[in-house]
Amino acid sequence: MSWKITTFAPRPVIEGALLAHEDAWDWDADIVISGSEIAEDKPDDWQLEAWLSGKPGKAEKAAIASLFADGAPKFAIEKLPDVDWLTSSQQGLEPIRAGAFHVHTPEHPAITEPGLRDYCIPASQAFGTGQHATTAGCLAMLTHMKRQGLVIRNLADIGTGTGLLAFAGLHLWPRALATASDIDQVCIDVVQDNAAANGVPMGGGAGEVTMLAADGMDHPLLEARGPYDLVIANILAGPLIGMAPDFAKALVPGGHLLLAGLLETQEAQVRRACRRAGMRLAARLVNGDWSILWLRRRAVR
């Protein structure tokens, strides 16, 4: 991305813009949007950033302005150096410990400790190095689910990014079938590289990860390998709401769904969609501003 538009506003205003972006079904995919707090000591002061591949014109500015119900705050527009911003932003990230896992980039050493699985996930073209609160929260929740005695024989990680959550699920349930998918074709190579680096077997059998590119649950192999005991989806609130019925259909009766990528303010909407699809909440945790939800499909009576 070579251009960036930044605007500052109170947290509710930015969160409202993010929700509007998720609801904009005709949004230009070349405009990438994110929102975040400016600093940890200023939790109510947020910024919205939009990355574009070319200089923003009237149409692009109008699209971003339309996300703000009461009028857009002032925009700051800048041309960026020609670098891989995702990779650059992840360089030197501090390792994290979450549940039974330690995750670090290659700049940091591995940890050898009983009961702790170490993963080295480099900065890459895919989301999910473990440092984001949603990914770390999923690792913690997966560990909790295992400690609650869950037996998982067949799992799927939808929107896998780097493959980390699929790897973690397979570590906790090492004889399971594991399917990982992402809408971005580039993730296939990313997951394969990360699997090789971390000793995770790839393949179609028990104890192996099968990787494929798919839009949500829409793929014949995803359907053929189901139904699943566990589906993991760390994406965004809008897609989670839209795919709730698909997740329910993909689960065995009594099966488990782990959702993340939603702000705490979006949790009620996601849970409502899941209830309508026949799922109930088993547990939740909040990591920063983000909710991580463990839900169960109702068993057939």
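Just so you know, these numbers come straight off a predicted model, no measurement behind them.

(A) Up close: the overall build of the protein. The helix and strand tally for the protein stands at 9 helices and 14 strands. Here the C-alpha radius of gyration of the protein, 19 Å, is about what a compact globule of 301 residues would show, namely 19 Å. The dimensions of the protein, computed from C-alpha atoms along their principal axes, are 55 × 45 × 40 Å. Considering the protein as a whole, with its 301 residues, one finds that 48% of them fall into the buried category. Sequence-distant contacts in the protein: of pairs separated by 6 or more residues, those separated by 24 or more amount to 66%. Taking the 26 positively charged and 35 negatively charged side chains of the protein as two groups, their mean positions are separated by 9 Å.

(B) Examining the sheet that holds strand 14 (residues 290-297) more closely. Read across the open sheet, the 7 strands follow the order 10-9-8-11-12-14-13; overall the sheet is mixed. Single-partner strands in this sheet number two, and they are strand 10 (209-213) and strand 13 (279-287). The average undirected angle you get between the axes of adjacent strands in this sheet is 15 degrees. Pairing between strand 8 (residues 154-158) and strand 9 (residues 177-182): 5 bridges, direction parallel. Note that in strand 9 the partner of L155 across the bridge is A178. Together, strand 9 and strand 10 form the strand contacts of helix 6 (residues 186-197), whose direction differs from that of strand 10 by roughly 160 degrees.

(C) Representation of the sheet that holds strand 6 (residues 101-104) within the structure. Strand order in the open sheet formed by 3 strands is 5-6-7, and the pairing between neighbours is mixed. Taken across any chain shown, the strands that pair with only one partner, and hence form the sheet edges, are strand 5 (96-98) and strand 7 (117-120). Neighbour-to-neighbour, the strand axes of the sheet open up by a mean angle of 20 degrees, direction not taken into account. Running at roughly 35 degrees to strand 5, helix 4 (residues 133-147) makes contact with strand 5 and strand 6 of the sheet. Along the sheet, helix 5 (residues 164-172) contacts strand 6 and strand 7; its crossing angle with strand 7, the most-contacted strand, is approximately 160 degrees.

(D) Seen up close, the packing of helix 4 against helix 5. Look at helix 4 against helix 5: their axes get within 10 Å of each other, and the N-to-C directions meet at 15 degrees. When the axes of helix 4 and helix 5 are compared, the pair comes out roughly parallel. Note on packing geometry: the crossing formed by helix 4 with helix 5 is right-handed. Residues T135, C138, L139, L142, T143 and K146 of helix 4 lie in contact with helix 5, whose contacting residues are L164, L165, A168, G169 and L172. In terms of residue class, the contact of helix 4 with helix 5 is built from 7 nonpolar, 3 polar and 1 charged.

(E) Focus on the confidence of the model for the protein. Confidence along the protein averages 88 in pLDDT terms, with 91% of residues attaining 70 or more. When pLDDT is averaged over each element of the protein, strand 8 comes out on top at 98 and helix 3 (residues 85-90) at the bottom at 48. Contacts from residues 87-92, a stretch scored under 50 in pLDDT, to residues over four places away or in other chains number 12 contacts.

(F) Inspection of the pattern of salt bridges at higher detail. Using the criterion set out here, one finds 8 salt bridges in the structure. Residues E15 and R11 are paired through a salt bridge, measuring 2.6 Å at the closest nitrogen-oxygen approach. With E15 and R11 both in helix 1 (residues 11-23) and 4 residues apart, the pair spans about one turn of that helix. Residue classification places E15 among the buried positions, given a relative accessible area of 8%. Given the relative accessible area of 18%, R11 is considered buried.

(G) Just unusual backbone geometry, in detail. Cis peptide bonds are those with omega within 30 degrees of zero, and the linkage from G226 to P227 qualifies with 0 degrees. By secondary structure assignment, the location of P227 is in the loop between helix 7 (220-225) and strand 11 (228-234).

(H) Spotlight on the pairing of strand 13. Two strands pair when backbone bridges link them, and strand 13 and strand 14 are joined in this way by 8 bridges, in the antiparallel orientation. For V286, the partnering residue across the bridge sits in strand 14 and is S291. In textbook terms, the turn of a hairpin is the stretch between consecutive antiparallel strands, and for strand 13 and strand 14 this stretch comprises 2 residues, one of which, G288, has a positive phi near 70 degrees.

(I) Structural view of helix 4. The terminal C-alpha atoms of helix 4 lie 21 Å apart, and with 15 residues this matches the ideal 21 Å at 1.5 Å per residue to within 8%. For helix 4, the buried fraction is high: 11 of the 15 residues fall into the buried class. When helix 4 is considered as a whole, its buried residues turn out to be A133, T134, T135, A136, G137, C138, L139, M141, L142, T143 and M145. A positive backbone phi angle near 95 degrees is found at G149, which sits one or two residues after helix 4.

(J) Helix 9 (residues 267-276), seen in detail. Among the residues of helix 9, E267, V270, A273 and C274 are the ones counted as buried. In a view along the axis of helix 9, the buried residues occupy a sector of 135 degrees, so they form one face of it. Tucked inside the fold, the buried residues of helix 9 contact helix 8 (237-250), strand 12 (251-263), strand 13 and strand 14. G278, located one to two residues past helix 9, shows a positive phi value of around 95 degrees.

Cut-offs applied
- Residues numbered from 1 in each chain as written.
- Predicted model: local features only at pLDDT ≥ 70, side-chain atom pairs only at ≥ 80, totals over all residues.
- Heavy atoms only, no water.
- Helix = DSSP H or I, 4+ residues; strand = E, 2+ residues; numbered from the N terminus.
- Rg over C-alpha atoms; globule rule 2.2 N^0.38 Å.
- Buried < 20%, exposed > 50% of the residue type's maximum accessible area, 1.4 Å probe, protein only.
- Contact = heavy atoms within 4.5 Å.
- Lys, Arg positive; Asp, Glu negative; His and termini not counted.
- Charge placed at Lys NZ, Arg CZ, Asp CG, Glu CD.
- Pairing = 2+ DSSP bridges.
- Axes fitted to C-alpha atoms, helices over the stretch in contact; angles between N-to-C directions.
- Parallel < 35°, antiparallel > 145°, perpendicular 65-115°, else oblique.
- Left-handed = near helix turned anticlockwise from the far one by under 90°.
- Nonpolar A, V, L, I, M, F, W, Y, C, P; charged D, E, K, R; others polar.
- pLDDT = per-residue confidence, 0-100.
- Salt bridge = Lys/Arg side-chain N within 4 Å of Asp/Glu carboxyl O.
- Expected span 1.5 Å × (residues − 1).
- Arc of directions from axis to C-beta.

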